[in-house]
Amino acid sequence: MFEKIWDPHVVHDEPGEPSIIYIDLHLVHEVTSPQAFDGLRMAGRPVRRTDLTVATADHNTPTWDLSLPVTDEISQAQLEALSRNCEEFGVTLYDRFSPLQGIVHIIGPDLGYTQPGKTVVCGDSHTSTHGALGAFAVGIGTSEVEHVMATQTLRQFKPQTMEVRVDGQLPPGVTAKDIILGIIGRIGVNGGTGHVIEYTGEAIRSLSMDGRMTVCNMSIEAGARAGMIAPDETTFEYVRGRQFAPQGAEFDAAVERWKLLPTDPGATFDKTEIFDASQMEPYVTWGTNPGMVAPISGHVPDPNSFEEAGQREAAARALQYMDLRPGTPINGIKINRIFVGACTNARLEDLRAAAEVVRGRKVHPDVYAMVVPGSAKIKLEAEEEGLDRIFTEAGLDWRVAGCSMCLGMNPDILAPGQRCAATSNRNFEGRQGKGGRTHLVSPAMAAAAAIAGHFVDVRDL
Ligand SMILES: CC(C)[C@H](C(=O)O)[C@@H](O)C(=O)O
Ligand code: SF4
């Protein structure tokens, strides 16, 4: 599938040089675009294909009421720069007040911009999310953002291919987030380096589009350049009728093309890893990279149990930062913050899963829990089905869409020493605020921890 998308997009190939590939969709946000726009301005160049370029404000937007101002000066400057640049260069922008605003990787698919077979780029590592629709979607740096704006092409060495097959069926209570945490827990944060991962197998096929996006989102945390899942009926039904997707006869014609994308039987990958979904559990990260994973029934590992010296040192350092002792049962770890949100898990299905767990219950008195929908549209949809009331009645804070506490670029941050169950994708030191401690989990597991005040197997609630 990767080759079927890559090959027709190659504009130029030269031995020993990166290929030049055509880009069908360029998504833009406030953090990685200002220098790119400056570069264009200095060179006197326009954005070549404004019709293939879409911008949204997400990282720096506060998640408090829209009637309140942005108080942080740097954030405000960044947001204003995005508005000015988009206006000057004629790029469509969904700013903080737009009903179509949201986290870039959530609105792309949700509004119908992301489609099977497209090449998609964004100056953001989690662009891998869009691969869930059967696109080749890759994160790029700021200088590449400028290159794509100017030429609508990208210079890329062709990546290798890797199949991650997840056979069998997931046990109840085990979710897409657990699949990807389980995968990274085994193959490690470098397991996919240099490769595009195609996720295959019965467990992947059974996932909804929301779940598939969660899996592809974290491909980058396994070191992969991109993640992708072959489009099928689930994909076509998802894309059908979305605002910026092809409509009517054009849609039908597109589906016929998209049906040709899946990997042919017997095609080979450079590398394959096989998993059994029936053996998977809800997972919780205990350390400071997304590969430091344990099942909820497990324990914090002893650094000495790792084979390589580097791993032993990393684990020891992580446990020190996380203030955890080897042998502690995962379900004995107390938490004081909950974050349900981020491009990993802030879609409607994620919010429903968390609401299902907290419905009719109360957040533990030691916990402050927040739920941040991934887009203004998802916020509205959730409110239409009453999810906001379920959350607020249980004592969770219901916020306005944005990246929020996924990373400390806006007012939602952990205080030093606070411990958070988060549905985001990175648990690096200081990621959610200086000295903050992050444990990555699924939305249902985060919600369960909010009620219990410590990690708990959501299946036992
Ligand atoms: C700010 C941005 C460049 C960054 C990324 O590339 O991923 C952010 O979205 C993140 O998740 O760390
Ligand atoms: S939600 Fe988090 S991971 Fe996703 S784009 Fe925003 S900061 Fe990056």
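Quick caveat: nothing in here was measured; it's all calculated off a predicted structure.

### Some details on the sheet that holds strand β1 (residues 10-12)
Turning to step 1, where the next piece is worked out: With antiparallel pairing, three strands are arranged side by side in an open sheet as β1-β2-β8. Edge strands, defined here as strands with exactly one partner in the open sheet, are β1 and β8 (153-156). The mean inter-strand angle of the sheet, taken between neighbouring strand axes irrespective of direction, is 40 degrees.
Turning to step 2, where the next piece is worked out: In this sheet, strand β2 (residues 19-22) lies alongside β1 in antiparallel orientation, the contact comprising two bridges. Counterpart to H12 in the pairing with β2 is I20.

### A look at the domain arrangement of the chain
Turning to step 1, where the next piece is worked out: Domain assignment breaks the chain into domain 1 (2-156), domain 2 (160-231 + 254-279) and domain 3 (285-460).
Turning to step 2, where the next piece is worked out: For domain 2 versus domain 3, the distance between C-alpha centres works out to 23 Å.
Turning to step 3, where the next piece is worked out: Listed as interface residues are 18 residues of domain 2 and, on the opposing side, 21 residues of domain 3.
Turning to step 4, where the next piece is worked out: Of all the elements in the fold, those that place two or more residues in the side of domain 2 that touches domain 3 are α6 (176-187) and α8 (209-217).
Turning to step 5, where the next piece is worked out: A class-by-class count of the residues in the side of domain 2 that touches domain 3 yields six nonpolar, eight polar and four charged.

### Focus on unusual backbone geometry
Turning to step 1, where the next piece is worked out: Unusually for a residue other than glycine, D323 sits at a positive phi of about 55 degrees.
Turning to step 2, where the next piece is worked out: Among the secondary structure elements, D323 is positioned in the loop between α11 (309-322) and β15 (337-340).
Turning to step 3, where the next piece is worked out: Within the chain, A342 stands out as a residue other than glycine whose phi angle is a positive 80 degrees.
Turning to step 4, where the next piece is worked out: Positionally, A342 belongs in the loop between β15 and α12 (348-358).

### Brief notes about the site of ligand 2
Turning to step 1, where the next piece is worked out: As a matter of local geometry, ligand 2 sits amid 13 residues, with A342, C343, C403, C406 and L407 nearest to it.
Turning to step 2, where the next piece is worked out: Within the shell around ligand 2, the residues separate by chemical class into six nonpolar, five polar and two charged.
Turning to step 3, where the next piece is worked out: Mapping the shell around ligand 2 onto the domain boundaries places at least three of its residues in each of domain 1 (2-156) and domain 3 (285-460).

Conventions used here
Residues numbered from 1 in each chain as written. Chains lettered and ligands numbered in written order. Predicted model: local features only at pLDDT ≥ 70, side-chain atom pairs only at ≥ 80, totals over all residues. Pairing = 2+ DSSP bridges. Helix = DSSP H or I, 4+ residues; strand = E, 2+ residues; numbered from the N terminus. Axes fitted to C-alpha atoms, helices over the stretch in contact; angles between N-to-C directions. Domains from an automatic or database assignment. Contact = placed C-beta atoms within 7 Å. Nonpolar A, V, L, I, M, F, W, Y, C, P; charged D, E, K, R; others polar. Near = placed C-beta within 6 Å.

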